[in-house]
Amino acid sequence: MPLKALEPGVQLQALSNGPTLAFKDMAMQLLGNLFEYELGRRGETLNILGATSGDTGSAAEHAMRGKKGVSVFMLSPFGRMSPFQQAQMFSLQDANIHNLSVEGVFDDCQDIVKAVSNDLAFKRKWRIGTVNSINWARLLAQVVYYFAGYFQATSSNEQRVAFTVPSGNFGNVCAGHVARMMGLPIARLVVATNENDVLDEFFRTGTYRVRGSAETHETSSPSMDISKASNFERFVFDLLGRDGARTRELFGAGLQRDGSFTLGDAEKARIAGFGFVSGRSTHADRLATIRDTDARFGVVIDTHTADGLKVAREHLLPGVPMIVLETALPIKFAETIEEALGRKPAPPPALADLESRQRRFTKMPADVAAVKAFIEQNAPAP
Ligand SMILES: *Cc1c(COP(=O)(O)O)cnc(C)c1O
């Protein structure tokens, strides 16, 4: 989790040196060991079912591979992940990892996971679990690196820090919020979004308006392409003074009926007290930031980190170190890096041959019954 200095006052925090080169490894690697330990202690097994468009599934598989008592059934949309992401998942040869490549888009995969999880009898019999972004253990593990960043960036108890977090499902920055609530002197938490700016809109206006799938853009920072942010309710609950009834009013009735809610003026005024500000970044911003960071500092950053850095510079506080979380390494999104710099980023040496490794996956129709049948045939006997 070391810091890399850019211009004075701005640093990147490296979080992406785990096996799948994205910050999600930080929490998933812990989770894999916790699962193996606790399942062993109880003499139980668990089948993790998930849907992924790239980063999450890959981090989960690399965390659970070879772990005793755990199997993973990961659905991904056939032919729609980046070549590097496909190789990361499909090159795993571990017997407890099952890649189901679904003929459909990510939403089809997610719908299948929901349908299987909603069949409670099946879920119980086959001990189905998930490791999605609302998993509290993942969030807790992420709190740690905010402390690590703070200790590196400061030299006295009087100093405060700011963090900028490239955000999608609000899991990463929610961990920053938890760190702040625990007493870490965070002056500012900057939420950076891409063109899918539902969170930026909320922090600027107090209106949270979820987008339909037609309104969700496919961008060059794809891990931030969300229509609604699944951890967001946790923050709003705190913002509203932990008022469960009001939270339910906003997320239940308001959101489900109208697809949006708007905070009252007094509620909106509380956002600043929690340190939150936000901004958005576009494809053009991303390219410009990647180019500039390479030219000025000789550092190649990934597209999500570029969104963060662009927005961070709009929210600097004098005398407060700004730490931008590096959420992935550039090799994962090589096409856009090449568009920006005219050259491909170099893979880490250990992964140089990744894309030529043998692949192991099962192609499937977008069909709930087919996925259930696959689990029945491949999960350990119930
Ligand atoms: C998952 C991910 C994000 C978004 O993180 P959230 O916790 O969903 O807000 C940002 N960048 C990268 C590279 C990711 O993999």
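Just so we're clear, the structure is a prediction, and the values are computed from it rather than from any experiment. (Residues numbered from 1 in each chain as written. Predicted model: local features only at pLDDT ≥ 70, side-chain atom pairs only at ≥ 80, totals over all residues. Heavy atoms only, no water.)

1. Digging into the sheet that holds strand 1 (residues 3-5)
As summarised here, the arrangement of the six strands in space is 1-2-12-7-8-11, forming an open sheet in which the pairing is mixed. A single partner strand is all that each edge strand has here, and the edge strands are strand 1 and strand 11 (276-280). Averaged over all neighbouring strand pairs, the angle between strand axes comes to 25 degrees, with direction disregarded. Where strand 1 and strand 2 (residues 10-14) come together, three bridges link them in antiparallel fashion. Paired with alanine 5 across the bridge in strand 2 is glutamine 11. (Pairing = 2+ DSSP bridges. Helix = DSSP H or I, 4+ residues; strand = E, 2+ residues; numbered from the N terminus. Axes fitted to C-alpha atoms, helices over the stretch in contact; angles between N-to-C directions.)

2. Comments concerning the site of the ligand
Not every one of the 15 residues close to the ligand is listed here, only the nearest: Lys24, Asp55, Gly168, Asn169 and Asn172. Residue glycine 168 places a main-chain N or O atom 2.8 Å away from an oxygen atom belonging to the ligand. At 3.1 Å, a backbone N or O of glycine 171 approaches an oxygen atom of the ligand. Burial of the ligand by the surrounding chains reaches 96%, relative to a free accessible area of 380 Å². Split into classes, the residues belonging to the shell around the ligand amount to five nonpolar, eight polar and two charged. (Near = heavy atom within 4 Å. Polar contact = N/O pair within 3.5 Å; in protein donor to acceptor, adjacent residues only side chain to side chain. Areas by Shrake-Rupley, 256 points an atom, 1.4 Å probe, with all protein chains shown as cover. Nonpolar A, V, L, I, M, F, W, Y, C, P; charged D, E, K, R; others polar.)

3. With respect to the packing of helix 6 (residues 136-153) against helix 7 (residues 171-181)
At a closest axis distance of 8 Å, the pairing of helix 6 and helix 7 adopts a crossing angle of 65 degrees. Helix 6 and helix 7 meet at a crossing whose hand is right-handed. Of the residues in helix 7, those in contact with Trp136, Leu139, Gln142, Val143, Tyr145, Tyr146 and Phe147 of helix 6 are Gly171, Asn172, Val173, Cys174, Ala175, Gly176, Val178 and Ala179. Tallied by class, residues from the contact of helix 6 with helix 7 come to 11 nonpolar, four polar and no charged. (Left-handed = near helix turned anticlockwise from the far one by under 90°. Contact = heavy atoms within 4.5 Å.)

4. Observations concerning the sheet that holds strand 4 (residues 70-77)
Pairing within the open sheet is parallel, and its five strands lie in the order 6-3-4-5-13. Of all the strands in the sheet, just strand 6 (128-129) and strand 13 (362-365) have a single pairing partner and so form its edges. Where strand 5 (residues 97-103) meets strand 13, four bridges bridge the pair, whose relative direction is parallel. Within the sheet, the bridge partner assigned to glutamate 103 lies in strand 13 and is proline 365. Running over the sheet, helix 2 (residues 55-64) touches strand 3 (46-51), strand 4 and strand 5 and is turned about 160 degrees from strand 4.

5. Some points on the domain arrangement of the protein chain
Per the domain assignment, the segments of the protein chain are domain 1 (3-19 + 136-341) and domain 2 (25-135 + 353-378). Placing a centre on the C-alpha atoms of domain 1 and another on those of domain 2 gives a separation of 27 Å. Contacts between the two partners involve 19 residues from domain 1 and, on the opposite side, 20 residues from domain 2. Of the roughly 1700 Å² buried between domain 1 and domain 2 on both sides combined, carbon and sulfur atoms contribute 55%. Among the residues of domain 1 in contact with domain 2, Pro19, Arg138 and Lys332 are the three that bury the most area, contributing 43% of the side total. The partner of aspartate 55 in a salt bridge is lysine 332, and the shortest N-O contact between them spans 2.7 Å. Counting across the domain 1 and domain 2 interface gives 11 residue pairs in polar contact (both at pLDDT 80 or more). For the side of domain 1 that touches domain 2, the element with the most residues is helix 6, which contributes seven residues. The class makeup of the residues in the side of domain 1 that touches domain 2 is nine nonpolar, seven polar and three charged. (Domains from an automatic or database assignment. Buried area = accessible area lost by both parts, 1.4 Å probe. Salt bridge = Lys/Arg side-chain N within 4 Å of Asp/Glu carboxyl O.)

6. Considering helix 6
With 18 residues, helix 6 should cover 26 Å at 1.5 Å per step; its first-to-last C-alpha distance of 27 Å lies within 8% of that length. Where helix 6 is concerned, the buried positions are Arg138, Leu139, Ala141, Gln142, Val143, Tyr145, Tyr146, Gly149, Tyr150 and Ala153. One side-chain oxygen of the residue at the start of helix 6 lies 3.0 Å from the amide nitrogen of alanine 137, identifying that residue as asparagine 135. (Expected span 1.5 Å × (residues − 1). Buried < 20%, exposed > 50% of the residue type's maximum accessible area, 1.4 Å probe, protein only.)

7. Digging into the packing of aromatic side chains
Considering all chains together, one arrives at 24 aromatic pairs under this definition. Seen from their ring centres, phenylalanine 170 and phenylalanine 203 are 6.2 Å apart, and the 15 degrees between their planes marks the pair as stacked. Here the residue phenylalanine 170 occupies a position in the loop between strand 7 (161-166) and helix 7, and phenylalanine 203 occupies one in helix 8 (residues 198-205), the gap between them amounting to 33 residues. On the numbers, 4.5 Å between centres and 50 degrees between planes, the contact of phenylalanine 235 with phenylalanine 276 is tilted. Here phenylalanine 235 is found in helix 9 (residues 232-239), whereas its partner phenylalanine 276 is found in strand 11, with 41 residues between them in sequence. This pair shows no difference in class: phenylalanine 235 is buried, exactly as phenylalanine 276 is. Through a chain of ring-to-ring contacts, three or more aromatic side chains come together here, namely Phe170, Phe202, Phe203, Tyr208, Phe232, Phe235, Phe251, Phe261, Phe274 and Phe276. Across from the ring centre of phenylalanine 78, 4.1 Å away, lies the NZ or CZ of lysine 363, which sits over that ring. Positioned above the aromatic ring of phenylalanine 122, the side-chain terminus of lysine 372 is 5.4 Å from the ring centre. (Phe/Tyr/Trp six-rings, centres within 6.5 Å; stacked < 30°, edge-to-face > 60°. Lys NZ or Arg CZ within 6 Å of the ring centre and 35° of its normal.)

8. Let's talk about the nonpolar core
Tyr146, Phe170, Phe202, Phe232, Phe235 and Phe276 are the most contacted members of the largest nonpolar core, which has 44 residues in total. When residues of this core are traced back to their parent elements, those giving at least two are helix 6, strand 7, helix 7, strand 8 (186-193), helix 8, helix 9, helix 10 (244-258) and strand 12 (322-326). For this core, the element with the most residues is helix 6, which contributes six residues. Aside from chain neighbours lying at most four places away, what touches tyrosine 146 is Phe163, Val165, Asn172, Val173, Ala175, Gly176, Ala179, Leu184, Leu189 and Leu325. Of all hydrophobic cores here, the second largest spans 22 residues; its members include Val277, Ile290, Val320 and Leu341. (Core = buried A, V, L, I, M, F, W, Y, C linked by side-chain atoms within 4.5 Å.)

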